[in-house]
Amino acid sequence: MNLSMSSVESLVAQIHGLSSNIGELTQLRNYLKQCDDLLRTESTRLAPLLTELDPSVHSLGYLYILEACTSAPISKDQANKLVLSVARFINVCAAEQIRLAPEKFISICKRLMLQVMLLEDPMRGVAPLLTSIRKLQSSTEQLTTLHPDFMLLCLLSKCYKIGLSVLEDDIFEVDLPRDLFLYCYYGGMICIGQKQFRKALELLHNVVTAPMPIISAIAVEAYKKYILVSLIHLGQFATSFPKYTSSAAQRNLKNFSQSYLELVNSYSTGKVSEVEKCVEIYKDTFGSDNNLGLVKQVVSSMYKRNIQRLTQTYLTLSLQDIANTVQLNSPKEAEMHVLQMIQEGDIYATINQKDGMVRFLEDPEQYKTCEMIERLDFSIQRIMRLSKKLTTMNEVMSCDPSYLGKVGKERQRFDYDDFYTVPSKFTI
Amino acid sequence: MDFSALNEALAFKSYDKVAGICDTLMFLAASEGVSYQQDWPYAIHLIGHIYVNDINSARFLWKKIPLAVKESQPEVSAAWKIGQRLWIKDYASVHEAIREFIWSPQCQGIMAAFSEMYTKRMFELLQSAYSTISIQDTALFLGMSEEDATNYVLQHGWTVDPASRMLTVKKQAVVTKQKLDHSKLQRLTEYVFHLEH
């Protein structure tokens, strides 16, 4: 069947006519769905149609046609044009309209991503993908399938700060589990790049402990970074997994990270020389895993950790003694380390150059200031929101048929009072 | 490329906004597929990041700058030198890096402001970290001659022992706000309500 002049006109007319309100748009979407095959077969001839449409007003129609146009394989010269047309559409399209056809929207965004990678210019896709995420999301709590792509572009183009701004949203809804794995893994790497180790740890922890029937390469790599970030941020690593970790992860992850666990052992000796020896032995593994930078940070964190440990035993200590205990070359080096730690808030101390001594102090925070109260309030509000969400989820789950079926079968194991209303044979 | 927002910020001395404006403009240029690298004000962009103490972003920006630009625009390398020394925390040499280059008119204002801010920041660090410190080190950290440094700190209440060339630091009393208002009462009510239900 050919796309004759009349059907082209009627297509454009339909789009023009049915783009004003949600009722019309739903009608339009059904019509366009029926035209889908037609659009696909005539994809090479559809480009002129786009000039007759306004992407900001006729977003849904424009989207269908654009998606069909871009579905054919293209040459490298055309890649630039494609990227430009998709980026411009993303910028001006109406969010409510494109949300009626999310799979089409995701499709063109993924094509933009692919072309941007082939053009070896990942930065071109950063701003468009950020806009597309914000338009596709029903709320900032939803993780779309475009999130991990955006994170990857941020990493490749070294635009870490903008990636971090998206990571600040709390996620409660996920479309596909695979998206969550990749999002948290890439997100962890962005946090590491910005030296936000606490958040990196949280994200990597999610990857390692997420439900998984079999382990994936993502989980393995995340575990390696998790070990390193844990050493940098906490000064230690707990080899036991939390109870909610999948059995697949618990059984297998350690087998792929032997060299990293050796590093943990050498770190726990507290001696920089031991850690450096270990790094030398496994240098090639760390290198091929692209973790050498992180490993170096692990080593330099040891000096900090060791100096911090001294505060637990001493009230004052000479710079010379610090240098000796922590394996630094001179008192001056020790002084510079302590000064840096004071600046970053890792230690509370004052240096007395006249006597060559350091006096360790208590944390002066009294938790009484307005600023501290604001912080506490923010955290409490966040927990309250989380608590309300959990209550709602609990209620929804207690009506779930498969859950009730399972409870019904095993009700003799539970308290009579809680479950006597559930029939022992519950079938739908 | 339209740099009016950037020029405005510089004219109004809103130096803390420079980095954000440059980032936004760069994304705009990139998403339009415009080849902007040759004419981009990398020096100002780098200094903008340094001004707000975001050395991470300065580092990543430096990595993105094409080699040709790095080699042909000495101001860009000079700006990065400052960032690099801040990164490795070589406090004293930052002043040197600022002084040894003749900055273009576009960068002069923000550089002067940064230099002043940095000296103040160093002073506050010395004040919180040291109880006694040599005149020599103080001068290095503040980027001043020993005489100027001594006068500067004496004005802030420190004392000097000329015999040992040592300065005794006067700690700044910490002023904290502790006043509460009735909105806090409202919030406490919300917490209790939440806990009761």
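Residues numbered from 1 in each chain as written. Chains lettered and ligands numbered in written order. Predicted model: local features only at pLDDT ≥ 70, side-chain atom pairs only at ≥ 80, totals over all residues. Heavy atoms only, no water.

Looking at an unreviewed UniProt entry, one finds chain B named CSN8/PSMD8/EIF3K domain-containing protein and attributed to Salvia splendens.

**Comments concerning the packing of aromatic side chains**
Note the threshold: Any Phe, Tyr or Trp ring, taking Trp's six-membered ring, that has another such ring centre within 6.5 Å forms a pair; planes under 30 degrees apart are called stacked, those over 60 apart edge-to-face, and the others tilted. Only DSSP runs of H or I reaching four residues or more are called helices, and only runs of E reaching two or more are called strands; each is numbered from the N terminus. Classification of residues uses two cut-offs on accessible area relative to the type maximum, computed with a 1.4 Å probe and protein chains only: under 20% is buried, over 50% is exposed, and between them is partly exposed. Either the NZ atom of lysine or the CZ atom of arginine qualifies as a charge over a ring when it sits within 6 Å of the ring centre and within 35 degrees of the ring normal.
Scanning the model with the defined rule gives 17 aromatic pairs over all chains in all. Between Trp62(B) and Trp80(B), the aromatic rings sit 5.5 Å apart at their centres with planes inclined by 10°, giving stacked as the arrangement. Here Trp62(B), found in helix 4 (residues 55-64), pairs with Trp80(B), found in helix 6 (residues 74-87); they are 18 residues apart in sequence, far enough to count as distant. Taken as a pair, Trp62(B) and Trp80(B) share a single burial class, namely buried. Ring pairing ties together the aromatic residues Tyr223(A), Tyr226(A), Phe237(A) and Phe241(A), which thus form one cluster. Geometry around Phe60(B) places Arg59(B) over its ring, the cationic atom sitting 5.2 Å from the centre.

**A few points about the pairing of strand 1 (residues 130-134) of chain B**
To keep it simple, the criterion reads: Two strands are counted as paired when DSSP detects at least two bridges linking them.
Among the 5 residues in strand 1 of chain B, 4 count as buried, and that is most of the element. Across 2 bridges, strand 4 (residues 349-352) of chain A lies against strand 1 of chain B in parallel orientation. Looking at strand 1 of chain B, one finds that Asn352(A) is bridged to Thr132(B). Of the strand pairs in this sheet, strand 1 of chain B and strand 3 (residues 166-168) of chain B are connected by 3 bridges, and their pairing is antiparallel. Bridged to Ser134(B) within strand 3 of chain B is Met166(B).

**So, a nonpolar patch on the surface**
For clarity, the threshold we go by: Only residues above 30% relative accessible area that lack a salt bridge enter a patch, with like-charged residues linked at up to 9 Å and the nonpolar side chains Val, Leu, Ile, Met, Phe, Trp and Tyr linked at up to 5 Å. The protein chains shown are the only cover counted for residues, whose accessible areas, like all others here, come from Shrake-Rupley with a 1.4 Å probe. We define a salt bridge as a contact between a side-chain nitrogen of Lys or Arg and a carboxyl oxygen of Asp or Glu at a distance within 4 Å.
Residues Phe172(A), Leu386(A), Leu390(A) and Met393(A) make up a contiguous nonpolar surface patch of roughly 370 Å² in combined accessible area. If you trace the backbone, Met393(A) turns up in helix 22 (residues 370-397).

**Quick look at helix 14 (residues 217-234) of chain A**
Residues and elements named next belong to chain A. Rules: Helix span, expected: 1.5 Å multiplied by one less than the number of residues in the helix.
Its 18 residues place the ends of helix 14 25 Å apart at the C-alpha level, agreeing with the 26 Å of an ideal helix rising 1.5 Å per residue. Burial runs high along helix 14: 14 of the 18 residues are buried. Glycine 235 occupies a position one or two residues after helix 14 and carries a positive phi of about 75°.

**Side note on the environment of Leu28(B)**
All names here are of chain B. Mapped onto the elements, leucine 28 comes out in helix 2 (residues 18-31). Look at leucine 28 and you get partly exposed, because its relative accessible area is 47%. In the structure, leucine 28 is positioned 58 residues away from leucine 86 in sequence and 29 Å away in space, judged by C-alpha atoms.

**Some details on the confidence of the model for chain B**
Selection criterion: Note on scores: pLDDT gives the predictor's confidence for each residue, bounded by 0 and 100.
Mean pLDDT over chain B stands at 90; residues scoring 70 or higher make up 100%. Two summary scores accompany this predicted model of the complex, namely pTM at 0.89 and ipTM at 0.89.

**Some details on the environment of Tyr267(A)**
Residues and elements named next belong to chain A. Rules: Throughout, a contact is declared for two residues whenever any of their heavy atoms are within 4.5 Å. Residues adjacent in sequence count toward polar contacts only when both atoms are side-chain atoms; beyond that, a polar contact is any pair of N or O atoms within 3.5 Å, and within protein one must be able to donate a hydrogen and the other to accept it.
With respect to the element layout, tyrosine 267 can be found in helix 16 (residues 258-267). Using a relative accessible area of 3% as the deciding quantity, one classes tyrosine 267 as buried. Here tyrosine 267 is in contact with Leu231, Gly235, Val275, Val298, Ser301, Met302 and Arg305, once residues within four sequence places are set aside. Of note is the side chain of tyrosine 267, whose polar atom sits 3.5 Å from the backbone oxygen of leucine 231.

**Topic: a negative patch on the surface**
Applicable threshold: We treat Lys and Arg as the positive residues and Asp and Glu as the negative residues; His and chain ends play no part in the count. By convention, charge coordinates are those of NZ in Lys, CZ in Arg, CG in Asp, or CD in Glu.
A surface patch of negative charge is lined by Glu362(A), Asp363(A), Glu365(A) and Glu371(A). Along the chain, Glu362(A) turns up in the loop between strand 5 (357-360) and helix 22.

**Observations regarding the sheet that holds strand 2 (residues 159-161) of chain B**
Paired through backbone hydrogen bonds, the strands of a sheet run either parallel or antiparallel to each other. Operational definition: To get an axis, a line is fitted to the C-alpha atoms, and for a helix only the part in contact is used. The angle between two axes follows their N-to-C directions and goes from 0 to 180 degrees.
One open sheet accounts for 6 strands, arranged 3(A)-5(A)-4(A)-1(B)-3(B)-2(B); its pairing is mixed. Looking at which strands have only one partner, the edges of the open sheet turn out to be strand 3 (316-318) of chain A together with strand 2 of chain B. Recorded for the sheet is a direction-independent mean angle of 25° between the axes of neighbouring strands. Packed on one face of the sheet, helix 21 (residues 331-343) of chain A meets strand 4 and strand 5 of chain A together with strand 1 of chain B and runs near 145° to strand 4 of chain A.

**Comments concerning the pairing of strand 5 of chain A**
All names here are of chain A. Burial along strand 5 is one-sided: Val358 and Phe360 are buried, while Met357 and Arg359, pointing the other way, are not. In this sheet, strand 5 lies alongside strand 3 in antiparallel orientation, the contact comprising 3 bridges. Bridge assignment links serine 318 to a residue of strand 5, and that residue is methionine 357. In this structure, strand 4 lies alongside strand 5, joined through 4 bridges in antiparallel fashion. Bridging from a neighbouring strand, asparagine 352 pairs with methionine 357 of strand 5. The antiparallel hairpin formed by strand 4 and strand 5 contains 4 residues in its connecting segment, where glycine 356 sits at a positive phi of about 65°.

**Notes on the interface of chain B and chain A**
Where we set the bar: Note on terms: buried area is the combined drop in 1.4 Å-probe accessible area of two parts once they are placed together, counting the loss on both.
Taken together, the 43 residues of chain B in the interface contact 42 residues of chain A. Of the roughly 3700 Å² buried between chain B and chain A on both sides combined, carbon and sulfur atoms contribute 59%. For the interface between chain B and chain A, the tally reads 7 salt bridges. In this structure, the salt-bridge partner of Lys332(A) is Asp137(B), at a minimum N-O distance of 2.9 Å.

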